[in-house]
Amino acid sequence: MNQDELKKQVAEAAIEYVETGTVIGVGTGSTANYFIDALARIKGRIEGTVASSVASADRLKSHGIAVMDLNQAGQLSVYVDGADEVDDYLHLIKGGGGALTREKIVAGASDKFVCICDESKLVKVLGTFPLPIEVIPMAQSYVARELVKFGGRPELRQGFTTDNGNIILDVRDLEILEPGKLESELNNIPGIVTVGIFANRPADVLLLGTGKGVETRSAP
């Protein structure tokens, strides 16, 4: 199986976690897009969705799936989204698509977070994938200097603005040995909106696409 087939496989498997009559959270990215396409087949079973990006909202609407505002929807039954990296504890790096802030909000508002990705995303230590950080534009230089103190090498994501009107710094050369600790420390830097480490609210379930089928994991 190629990578796209593995993504489609886990997206289909995630449909099993969609409860009838509920509002669900939907993530952003190529794997989440496969989930949206699969969700279209059962759209009559759910009350609606909350999207983590404008792009996902547009794709949901194109399938005739209701998209709601989180403030009106309240607590969500499940959130389904991909990841750029995942470790054995279901800590994640997310934000390659730039939607990390809204993804983190929707994940936090959900009873269960189901992460869907192919086996290439599974790592022992997070940090090979550059860590995305959403930053208020006026704080770019200050935040970059602070990130260097953590051993990182921040680079501005050129030509990109988040749905919230902010910039993304992609930080290389970080070996993230204590994801929860680093997430909290970075979030305390003034000007950082969200850091792309999802450790303080990790995934509850990982559906991992492999050549032998979908492997289901939960945090140890």
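Throughout what follows, the structure given in this document is the object of discussion.

The rules behind the values
Residues numbered from 1 in each chain as written. Predicted model: local features only at pLDDT ≥ 70, side-chain atom pairs only at ≥ 80, totals over all residues. Heavy atoms only, no water. Pairing = 2+ DSSP bridges. Helix = DSSP H or I, 4+ residues; strand = E, 2+ residues; numbered from the N terminus. Axes fitted to C-alpha atoms, helices over the stretch in contact; angles between N-to-C directions. Contact = heavy atoms within 4.5 Å. Parallel < 35°, antiparallel > 145°, perpendicular 65-115°, else oblique. Left-handed = near helix turned anticlockwise from the far one by under 90°. Nonpolar A, V, L, I, M, F, W, Y, C, P; charged D, E, K, R; others polar.

## Regarding the sheet that holds strand E1 (residues 23–26)
- The six strands are arranged E2-E1-E3-E6-E12-E13 in an open sheet whose pairing can be described as mixed. With partners counted over all chains shown, the strands left at the sheet margins are strand E2 (48–51) and strand E13 (213–218), one partner each. When strand polarity is set aside, the average angle formed by the axes of neighbouring strands in this sheet is 20°.
- Here E1 runs beside strand E3 (residues 79–81); their pairing, made up of two bridges, is parallel. Note on E3: the bridge partner recorded for Val26 is Val80.
- Contacting E3, strand E6 (113–118), strand E12 (205–210) and E13, helix H1 (residues 3–14) runs over the sheet at an angle of about 145° to E12.

## Quick look at the packing of H1 against helix H2 (residues 30–39)
- Packing of H1 against H2 brings their axes to within 8 Å, and their N-to-C directions diverge by 50°. Here H1 lies oblique to H2, going by the angle between them. By crossing handedness, the relation of H1 to H2 is classed as right-handed. Between H1 and H2, the contacting residues are Asp4, Lys7, Lys8, Val10, Ala11, Glu12 and Ala14 on the first element and Ser30, Thr31, Tyr34, Phe35 and Ala38 on the second.
- Of the residues in the contact of H1 with H2, the class split is six nonpolar, two polar and four charged.

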